[in-house]
Structure formats: C-alpha cells, structure tokens
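Spelled out from the first residue to the last, the chains are:
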Amino acid sequence: MAVSSVSVLPARVAPVGAAPRAGTGNSVTKVLGVASIVSLALTAWLGLDVSPPDVTQGELVRLIYVHPAAATVCYVGFGLCALASLAYLWPRTRSRRWDRLAAASAEVGVVFCAVTLITGSIWGRGSWGVWWTWDARLTLTALLFAVFVGYLALRRTGGDPEARAKRSAVVAILCALLVPVDHYATSWWTTLHQGNTLTRANPLIHGMQLYTMLLSFLAFGLLFAWLLVHRYRVEVLEDRYEEEGFAAAIAERRAEGVPG
Amino acid sequence: MALSGGLPLTSESPPEADGRVAVPPAPRLRTRTFFGSPGRRLGAAVVILGAIGFLVYQGLGNATVYFKTADQAVADRASLGTKQFRIEGTVQNDVRQAGGQTDFSIYANRVTVRVVDSKEPPQLFKPGIPVVLEGHWSGSYFASDLVMVKHSASYSAAHPDRLEPQAPSSSSVPAGGSGP
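Analysis parameters
- Residues numbered from 1 in each chain as written.
- Chains lettered and ligands numbered in written order.
- Predicted model: local features only at pLDDT ≥ 70, side-chain atom pairs only at ≥ 80, totals over all residues.
- Heavy atoms only, no water.
- Helix = DSSP H or I, 4+ residues; strand = E, 2+ residues; numbered from the N terminus.
- Contact = heavy atoms within 4.5 Å.
- Salt bridge = Lys/Arg side-chain N within 4 Å of Asp/Glu carboxyl O.
- Buried < 20%, exposed > 50% of the residue type's maximum accessible area, 1.4 Å probe, protein only.
- Phe/Tyr/Trp six-rings, centres within 6.5 Å; stacked < 30°, edge-to-face > 60°.
- Lys NZ or Arg CZ within 6 Å of the ring centre and 35° of its normal.

By the element assignment, Ala102 of chain A lies in helix α3 (residues 96-127). Those residues in contact with Ala102 of chain A, other than ones at most four positions away along the chain, are Cys81, Ala84, Ser85 and Tyr151 of chain A.

One pass over the structure, following the stated rule, counts 14 salt bridges over all chains. Salt-bridge contacts for Glu59 of chain A lead to Arg62 of chain A; the nearest nitrogen and oxygen are separated by 2.7 Å. Among the salt bridges present, the one from Arg96 of chain B reaches Asp103 of chain B, with a minimum N-O distance of 3.8 Å. For Asp103 of chain B, a relative accessible area of 16% corresponds to the buried category. Each of Arg96, Asp99, Arg100, Glu107, Arg155, Arg231, Glu235 and Asp239 of chain A takes part in a single network of salt bridges with overlapping partners.

A few words on the packing of aromatic side chains. Applying the stated criterion across every chain yields a total of 12 aromatic pairs over all chains. Their ring planes at 80° and their centres at 5.5 Å tell us that Trp132 of chain A and Trp134 of chain A sit as a pair that is edge-to-face. Looking at Trp132 of chain A, the relative accessible area reads 31%, which means it is partly exposed. Look at Tyr66 of chain B and Phe67 of chain B: their rings are 6.1 Å apart centre to centre, the planes differ by 75°, and that puts the pair in the edge-to-face class. Residue classification places Tyr66 of chain B among the buried positions, given a relative accessible area of 1%. Classification of Phe67 of chain B as buried rests on a relative accessible area of 8%. An aromatic cluster of at least three residues, connected via ring pairs, comprises Phe78, Phe148 and Tyr151 of chain A. Directly above the aromatic system of Tyr88 of chain A lies the positively charged group of Arg94 of chain A, at a separation of 5.2 Å from the ring centroid.

Below, the structure is given as structure tokens:
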C-alpha cells in the first residue's frame, strides 16, 4: 500500500493508485496566461509612461488603470457565481460543473475584490485625503467582500456534497444581489466616491487615458479568465481526489482482508 | 496496518468459506477541513455575521446620507446645533492659511459657508474643487476637523500650456448667507 508513492498529483489532490494527468494547465491556459501577462505589461507601460497625468489628480490618475478594472472583474466573478448557482439549482441544468464554476468564480472574484479595496484605499488617501470613509460605495464593497468570504467559508463546511452545493448556491444568489446595489450606489445616494466615468452616453475620459483604461479592462479580464480556468480545474482535481481516494481506500481495505 | 483514512481493522473478523476474512464496509472518507468541527463553524459564523452586522450598522448610519450640501446644512442649522456632520461644497478663491488653521469658504446652490479647518488639507485641496468636510457649526462658521476632496468622475490630460480654471471669487456674503 503506497499512498504517497503513487501520487503524481499535488499532495492535497492525489488519488491513490492512479496516475492520470494532474495539472491544471493546457494549451488554452498557456495562451490565456501569455495574453494576460502581455496585456498587463502593455497596460503598465501605457499607464505609467505614455499616458499623461491628469489636470486635477496629477500622477494619482494612474490608479484608474488598475482600480476600476479590478472592481469590474470582481463584479463579473460574483455575477458568474450567481449565474452558475442558478444553473445548479435549476433541475434541468443541475450539474456538478456549475457548482465548481460557482466556487471558482467566487474565489477569483474575492481576490479581485480585495485588490479593489486595497487600490481604492491607496487612491483615496492620495486624492480624498483619507484611507477609508463610510460612504455607500465603500461600505457596500466591503460588505460584498465580507459576504463572499462568508460564502467561501460556507463551502468549506463539509457534509453531503449535494446538500452543501444547494445551500451554497442559494447563499451565492443572495450575496450577488449586492452587486447592482454597489454599482449604482453613487447614483442612488450621496457619496464621496465619484460617479461612473465610462458607462454613460459621453464618457468623461478621452484620448490615451481612455485607450489605456480600456486596455486595463481587457488585461484584467484575461487575467480573470486565466485564474478562473485554473481554479475550476483544481475543483475537478479535488473531486477526483475524493472519488478515487474513496474507491482506492475500499480496495486497500479489502486487499488487507486477504490472509497471506 | 493503518490506512490513509485511519480506518481501524479488526483481527477478530471470522473467516469466510474461501478463507478470506470478512471485512466490514469501509466508512466514506472525509476530507478534513478547517471548518470540520461544529465549534469552529459556529466561531466562523459569529465572526462573519459580526463583521456583516458592523458593516450594515455603519452603512445604515452613515452611507445613505453621507453629507449635506452647504445649502442643506444652512437650512438645517437649528436642528444640527453643534452636532458632528459632513458638509459638501466647492472651495472658493479665498483660502488663507495661518496659525495651523485653514480659513476658506465653500458654496453650493448659491449658498456660501465660511469654514475654519484645524487640520492640514489633502494635497488636491485648492479653490474650485468640491470638498466634503467633517465638523460642526461653531458660531458663524463651520469648524472642520477633516477635509476630504471630492473629485469628479471627469478626467482630462494635463498639458503644460493649459490654463487653470478660475474658481468663483469670494463674496462678502456672511457665513450661511446667499452666495454668488
């Protein structure tokens, strides 16, 4: 019986007695990874060197090439989590793959939500003069982060996988209701946070600043897709670990029952 | 021999007809997680619900009415008294700094309010820019202890030959009176 000697997977996801391909990458993820890195590098070059400073914010404006894109990708992650959860709850489309997608997109979304909060805080210190203030946009973004961290914790509670997937799906949909409220917070309430710059009939940004900002959305979108695919495949490997580990344990146990 | 799942085997199992030892069905393997125990689950739930409750409390208390514009603050002056609140307006072209204090006026909807700020304003503070101030009414002026710059959602490339926009000049209107 050699639990560890047959493992070609990472320790956490290694099934016993099996040696299937265990990585999370393939040609698609390689292309995505290269495209993400190139577009991020291009965004950094345009944002830090080519695009001009702002007439009001000066050099601080360069955070606009990180913060809004991270926030948008965070919304996409949580929205995707809600849609996948909905697909899981719908009897006709119920499949374990939707539950995996919900888990993966929520986790990547939480990472980008943390990036949003951190870069926003740095930008706020420079432009507003404070690291943090309790206005509607900031409060709701912090709340969004907290509830999705709670969702991820809920997913780790164990128990029957199907029951866990169902309750997680319901919670994900409830959590994602905060996304549109957070997005429209600057329109619905008085906030220190500025309103929308791009999503209006006449965008309030032009020229190289606009092009660099649009490129940042593309770069962060590619990065999100890259991380999402890898994270989804980790979910697949974890499932395989549980299933194959279970089958292998039974086989080992029966083998140990044979005398001599 | 211990299995990966730590499953106990009994040596007293009776042998079957073919000489094999009957093995009871193996319990399902469970992945051990940090939140596997009820105590930890309860602790995590308390921490998360506490954090959410705190955020909601803060949000309900502050976020929905984050500030009053200068004209609203003047209209509500009697009810506000010396209570701490936030006021919003655009800085006029009358900024004076002396003795560690910054003296200036803000206006909103044709109402001007004189402000005395006791702290250093942020780097983007200048005439013509909207600000949100934390403080309270103190006699004829607003005593501020925090200045926050409320920049707009509009961005323009800075050019060396660009002329700075001029803020409206200070009027002689007393604090709380009608502005330009």
